[in-house]
Amino acid sequence: MVDELNKQLNDGLLEKRRELAENLLGAIEWETDTTGYCECPNIESHSTANGRRDCRVTVDGAPTIYCLHAHCQKRMEELSQELRKHIFAGEGRKRKRSEQPESEDLDFGAPIEPWGEPVDGQELLDDIIRVFSQHIVMPNFAYVAVGIWNLWTYGFEAFTVAPILQITSPERQCGKSLLMEILEALVHRPLLVCGVSAAALFRAIEAYRPTVLVDEFDSTDAELKEAIRQVLNSGFKKTGKVLRCVGENHNLKTFTTFAPKAIAGIGDLPDTVASRSIRIALSRKLQNETVESFRHFDGTEIRRKCVRWWKDNLDKLKNARPDFPVELKGDRERDGWEPLLAIADLCGDWGGYARQAAVALSKTDSTESLSAALLRDIRSAFRFDEQLTTEELLARLHGIVESPWPTLCDGKPIHAHRLAKMLARYAIAPGNIGAKRRKGYSAEWFEDAFSRYLPTEDQT
Ligand SMILES: [Zn+2]
């Protein structure tokens, strides 16, 4: 089914997508098959001069419209949703017509033929990780985690837990869809769920144990969203099942939900699941970071090698008891990383890198949201001052290396509007400060938020 979708995409589906985008947005200057620029539909609210490339449209993966101007953010969100609705609705009909309408069977193609000779673990993981690093910009340790997770999908049943790959980003256009696309080319039996019904999802997991890839979870339709939630909540352990009514007589049937899952664009995973997930936080690609186009990539060789590697190492992995880095303290974090560390230990140097990645990625704690990070950094900014003008506060945030603030707004530093918007959720707004009555913030206005949302004074 996935191959079928790809084929259709190449056979003119993209052309149709571009046409639908133009219907919605007017003339678009296409730079590539999937990316173009148009006049911003919200141009009247632009407060600075307009460039020809302010408003960007992409129609592959989850089609998205993005405008550089901060005021347009909300409108762009709505327009993107609308564009997706048009596009996905059209393609849903198309797919159903070309399949048997009564049957929801999924076709994962012929089984993958194992590579002809034994495969070296370190070289295989090198190859997998190289594919990701050539095509997408991620934090370094994310490559390690995603690469090992990818290899894990081929033999996940050797373990008793299935860590979820949770992909987040502070903004749209951070490559979540691209990451999904690469995973789709490399994981075992990929099932991208934007194109299946809830019933098909349960049957597919029961019958095929696919790797479930959920892109744009938040724009999925309600029935499928609920089904995905059930799968995520129950499917972490090998014994995970859901109960559903099937057929005309509404017979009860259990479906196993234990399978690899990667999910992008979700804000509220239940705590118990979130803490056992591997969280990959993508940030916006910087101007000087170039990556190769992924369009003609063929993952067959890597897939065949993954199958062969598992065939030769399955027994070792079933009994593996990897040791954990001391910094990885929580039982749940250890649960989630255990399969990945066990695999990395059979792949040479990657055993060490995997432990570093586990520590680094668990530190950017899944419970810390972007706004909590902002509060924490504002607390440091106020360390020696009672009051700061907006400019002063922004300058301090911009100066924090390895924080999201220098690149938060489309690769540019966080600005006064965005700051005010993010603080509004804590009921904090800029006011007049100092003798000159300049716009700014006073430390005492943050006290309540600091005490509610931040752990007691830390060392950072
Ligand atoms: Zn705009």
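You'll find the structure just up there.
A. Seen up close, the overall build of the chain. Broken down by element type, the chain carries 15 helices and 14 strands. Residues counted as buried form 35% of the 460 residues belonging to the chain.

B. The sheet that holds strand β5 (residues 165–168), seen in detail. Overall, parallel pairing links the five strands, which are arranged β6-β7-β10-β5-β11 in an open sheet. The open sheet is flanked by β6 (190–192) and β11 (278–281), the only strands paired with a single partner. Direction aside, the axes of adjacent strands within the sheet are offset by 15° on average. As paired elements, β5 and strand β10 (residues 261–264) share three bridges and run parallel to each other. Note on β10: the bridge partner recorded for I167 is A264.

C. Quick peek at the packing of helix α3 (residues 121–135) against helix α5 (residues 176–186). Where α3 meets α5, the closest approach of the two axes is 11 Å, and the angle between their N-to-C directions is 150°. The angle between α3 and α5 falls in the class roughly antiparallel. Two packed elements cross with a definite hand, and for α3 against α5 that hand is right-handed. Facing α3, whose interface residues are I128, V131, F132 and H135, α5 presents L178, I182 and L186. A breakdown of the residues in the contact of α3 with α5 according to their chemical character gives six nonpolar, one polar and no charged.

D. Seen up close, the sheet that holds strand β12 (residues 387–389). Strand order in the open sheet formed by three strands is β12-β14-β13, with antiparallel pairing between adjacent strands. The sheet is open, and its two borders are formed by β12 and β13 (431–433), each paired with just one other strand. Ignoring strand direction, the axes of neighbouring strands in this sheet form an average angle of 60°. For β12 and strand β14 (residues 438–442), the ladder comprises three bridges, and the chain directions are antiparallel. Within the sheet, the bridge partner assigned to T389 lies in β14 and is G440. In the packing of helix α13 (residues 390–398) onto the sheet, the strands contacted are β12 and β14, and the crossing angle to β12 comes to about 90°.

E. Looking closely at the packing of helix α6 (residues 198–208) against helix α7 (residues 222–234). Running from N to C, α6 and α7 cross one another at 30°; their axes reach a closest spacing of 8 Å. In terms of their interaxial angle, α6 and α7 are classed as roughly parallel. Between α6, through A198, L201, F202 and I205, and α7, the contact on the second element is made entirely by E223, L224, A227 and V231. Of the residues assigned to the contact of α6 with α7, the class counts are seven nonpolar, no polar and one charged.

F. Focus on the environment of E184. Tracing the sequence through the fold places E184 in helix α5. When the C-alpha atoms of E184 and T211 are compared, they prove to be 8.7 Å apart, with 27 residues separating the residues in sequence.

G. Quick look at the nonpolar core. Ranked by size, the top nonpolar core spans 79 residues in total, and within it A145, I148, V193, L340 and A354 carry the most contacts. Discounting residues that sit within four places of it in the chain, A354 has contacts with V144, I148, L340, L341 and A344. Membership of the second largest hydrophobic core comes to 16 residues, among which are A21, C40, C55 and Y66.

H. Representation of the environment of V326 within the structure. Its location among the elements puts V326 in the loop between α9 (300–318) and α10 (331–345). For V326 and V359, which are 33 residues apart along the polypeptide, the C-alpha to C-alpha distance reads 9.0 Å.

I. Local environment of the pairing of strand β8 (residues 241–246). Bridge count between β8 and strand β9 (residues 251–256): six bridges; the pairing is antiparallel. Bridging across to β9, V242 finds its partner in F255.

J. Structural detail: the pairing of β14. As paired strands, β13 and β14 are joined by three bridges and run antiparallel to one another. Directly across from I433, in β14, lies its bridge partner R438. Connecting β13 to the antiparallel partner β14 that follows it, the hairpin turn spans four residues, and G434 within it adopts a positive phi of roughly 70°.

Calculation criteria
Residues numbered from 1 in each chain as written. Predicted model: local features only at pLDDT ≥ 70, side-chain atom pairs only at ≥ 80, totals over all residues. Helix = DSSP H or I, 4+ residues; strand = E, 2+ residues; numbered from the N terminus. Buried ≥ 20, exposed ≤ 12 C-beta atoms within 10 Å, placed from the backbone. Pairing = 2+ DSSP bridges. Axes fitted to C-alpha atoms, helices over the stretch in contact; angles between N-to-C directions. Parallel < 35°, antiparallel > 145°, perpendicular 65-115°, else oblique. Left-handed = near helix turned anticlockwise from the far one by under 90°. Contact = placed C-beta atoms within 7 Å. Nonpolar A, V, L, I, M, F, W, Y, C, P; charged D, E, K, R; others polar. Core = buried A, V, L, I, M, F, W, Y, C linked by C-beta atoms within 7 Å.

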